[in-house]
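One letter stands for each residue in the lines below.
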Amino acid sequence: MTSTESGAGTAAGSGPADPTGLVLAIDAGNSKTDVAVVTADGRVTGTARGGGFRPPVVGVETAVDVLADAVRRAFAAAGVTSVEHVSACLANADLPVEEEQLAAALDARAWGAGVEVRNDTFAILRAGIADPRGVAVVCGAGINCVGMRPDGRTARFPAIGRISGDWGGGWGLAEEALWHAARAEDGRGGPTALSRTLPAHFGLDSMYALIEALHLEHIGNARRHELTPVLFATAVDGDPVARGLVDRLAEEVVAMATVALTRLDLLAEETPVLLGGSILAARHPQLDDRIAELLAARAPKAVPQVVAAPPVLGAALLGLDRVSAGHDVHARVRAFYEGV
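The paragraphs below set out a description of the structure included in this document. Owing to the predicted nature of the structure, the values given are computational and were not obtained by experimental measurement.

**Points about the overall build of the protein chain**
In terms of helices and strands, the protein chain carries 13 helices and 10 strands. In terms of C-alpha radius of gyration, the protein chain reaches 21 Å, essentially the compact-globule figure of 20 Å for 340 residues. Once the C-alpha set of the protein chain is aligned to its principal axes, its extents read approximately 70 × 50 × 35 Å. A total of 340 residues make up the protein chain; the buried ones form 50% of that total. Counting every atom, the protein chain has about 14,600 Å² of accessible surface; 53% of that belongs to carbon and sulfur. Distance between charge centroids for the protein chain: 2 Å, based on 29 positive and 41 negative side chains.

**Structural notes on the nonpolar core**
L198, L249, L287 and I291 are the most contacted members of the largest nonpolar core, which totals 50 residues. Looking at this core element by element, the count peaks at 11 residues for helix α9 (residues 240–263). Each residue touching L198, except ones within four places of it in the same chain, is listed here: A177, L178, A181, M207, L210, L227 and V230.

**Let's talk about the environment of K32**
Within the fold, K32 resides in strand β2 (residues 32–38). Of the polar contacts made by the side chain of K32, one reaches the side chain of D34; its length is 3.2 Å.

**Quick look at the state of the cysteines**
Within the structure shown, the criterion is met by 0 disulfides. Between C89, a cysteine without a disulfide, and C145, which holds the nearest cysteine sulfur, the sulfur-to-sulfur distance is 15 Å. In this model C145 remains outside any disulfide bridge; the closest cysteine sulfur is found in C139, 12 Å from its own. Its relative accessible area of 0% is what places C145 among the buried residues.

**Description of the packing of α9 against helix α11 (residues 285–298)**
Between α9 and α11, the shortest axis-to-axis distance is 9 Å and the interhelical angle comes to 40°. Viewed along their axes, α9 and α11 adopt a mutual orientation that is oblique. Of the two elements, α9 crosses α11, and the hand of that crossing is right-handed. In this structure, α9 uses R243, V246, D247, L249, A250, E251, V253, V254 and T258 to contact α11, whose residues at the interface are Q286, L287, R290, I291, L294, L295 and R298. Partitioning the contact of α9 with α11 into residue classes produces 9 nonpolar, 2 polar and 5 charged.

**Section: the sheet that holds strand β6 (residues 134–139)**
Strand order in this open sheet of 5 strands is β8-β7-β6-β9-β10, and the pairing throughout is mixed. Only two strands of the sheet have a single neighbouring strand rather than two, namely β8 (154–156) and β10 (302–306). Between one strand axis and the next, the sheet turns through 15° on average, direction left out of account. Bridge analysis of β6 against strand β7 (residues 143–148) gives 6 bridges, and the strand direction is antiparallel. Paired with V137 across the strands is C145, a residue of β7. Relative to the sheet, α9 contacts β6, β7, β8, β9 (271–276) and β10, its axis offset from that of β7 by approximately 25°.

**Examining the sheet that holds β2**
Ordered by their spatial adjacency, 5 strands build an open sheet running β3-β2-β1-β4-β5, and the pairing between neighbours is mixed. A single partner strand is all that each edge strand has here, and the edge strands are β3 (44–51) and β5 (112–119). Each neighbouring strand pair of the sheet contributes to a mean axis angle of 15°, computed without reference to strand direction. Here strand β1 (residues 23–28) runs beside β2; their pairing, made up of 6 bridges, is antiparallel. Pairing of L24 across the sheet is with V37, part of β2. On the sheet, helix α2 (residues 60–78) packs against β1, β2, β3 and β4 (83–90) and is oriented at approximately 155° with respect to β3.

**Topic: the packing of helix α5 (residues 169–186) against α9**
It is at 11 Å that the axes of α5 and α9 come closest, and there the two elements cross at 150°. Here α5 is positioned roughly antiparallel relative to α9, judged by the angle of their axes. As α5 runs across α9, the sense of the crossing is right-handed. Residues G169, L173, E176, A177 and H180 of α5 touch α9, and the partners they reach there are V241, L245 and L249.

**A short note on the environment of D321**
Among the secondary structure elements, D321 is positioned in helix α12 (residues 311–322). Sequence separation between D321 and S195 is 126 residues, and the spatial gap between their C-alpha atoms is 50 Å. Setting aside residues no more than four positions away along its own chain, D321 makes contact with R126, P132 and H330. Here the side chain of D321 touches R126 through a polar contact of 2.9 Å, side chain to side chain.

Rules of the game
Residues numbered from 1 in each chain as written. Predicted model: local features only at pLDDT ≥ 70, side-chain atom pairs only at ≥ 80, totals over all residues. Heavy atoms only, no water. Helix = DSSP H or I, 4+ residues; strand = E, 2+ residues; numbered from the N terminus. Rg over C-alpha atoms; globule rule 2.2 N^0.38 Å. Buried < 20%, exposed > 50% of the residue type's maximum accessible area, 1.4 Å probe, protein only. Areas by Shrake-Rupley, 256 points an atom, 1.4 Å probe, with all protein chains shown as cover. Lys, Arg positive; Asp, Glu negative; His and termini not counted. Charge placed at Lys NZ, Arg CZ, Asp CG, Glu CD. Core = buried A, V, L, I, M, F, W, Y, C linked by side-chain atoms within 4.5 Å. Contact = heavy atoms within 4.5 Å. Polar contact = N/O pair within 3.5 Å; in protein donor to acceptor, adjacent residues only side chain to side chain. Disulfide = S-S within 2.5 Å. Axes fitted to C-alpha atoms, helices over the stretch in contact; angles between N-to-C directions. Parallel < 35°, antiparallel > 145°, perpendicular 65-115°, else oblique. Left-handed = near helix turned anticlockwise from the far one by under 90°. Nonpolar A, V, L, I, M, F, W, Y, C, P; charged D, E, K, R; others polar. Pairing = 2+ DSSP bridges.

Following this line, the structure appears as C-alpha cells:
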C-alpha cells in the first residue's frame, strides 16, 4: 500500500481538476485516519494519513478538523479541490442517527457533491470482498459486526458496549481476565494462572499490587489493553480459565456472524465472513480453530477469512459502488492497495 505518515501526501499521477467521478475515501479509526482520492478510472492520485477520529472525546467539529487536515493534503497531492462523492467510514458512528450527524458535519466542509457516512466496520467488510455481499466481524478494542447485500440491504448491531449486549473486544477481555485473576487470588474464585501472569506483565508480584496500581493510576488506564495478549499467552500454556475466555470470544464472533447472515437471508448461501481487527488478525490458533468449528456447525455455507487489505480500500470501493464504477475500476484500486 502507498500511504503517507502524518506529514505529507503522495501522488500516483496528476489528478484532474474536474470532480466528476472522483471519490474521496476516508477511513477514520480511533488511532489514525487514512484518506485517498480516487479517479473515475481507478487511479489513486492522492493519499494522506492523519490522527485518530474521536468525536465522543473532543466533539464533532474538532474531530472533523482532524479529517480536514488529511483531506487537505490528499487534495493537494491529487491536484483537486473537491470530488463527486465522499465515502467516509468512521469510528464512533455506531448508530444511524450518529451517521446522519457526522454526514451533515462532513457535508458542511464542501469536500464533495455527495456524502455517505458508515461505521468503519463496513470498510473492513468491503475491503475483503469482490462484491458488496458478505459479513464482517471486527474485534479490536471492541467488537462489532456488519453485513451487506448488493441490493443495499445491511445488517448491523449498535455495538456500544454492555448496554447493547456486547461481550468481547480487547478491552472487555482484559476486564474479564482481571476479574477472574482477582477472585482467584483472594479465594472467591477458582485458581487461574492469570493471577500470576497479569501482574507479572507489569513487574508486580500479586493481583493486589496490580489492582492498587490501576486504581491509583500508577499504571495508566489505557495500558489495560496490554493484558489481552497476556490472556492469550496464558491460554496457550493451558490455563483452563484463560482458554475458557478465548472460547467464549469465539462464541460471540460466531453468534454475531450467524445473526447477520440470517437477517440478510445469506445463511443458506456460500458467503464470505470476514474477520478483522487486531485480535482476529493476530491469528491465535485456539481462537481461529474454535471460530471455524462453530461456523461449520451453525453456518456451514460461511467462508471465513481474515482481512489483510487496509480499510481505506473498503471506503474507496464503497464510494465507487455509489458512483456505479465498473469492475475494472475496482480492480485497479484494489491492485494499488494490495500491491499486485
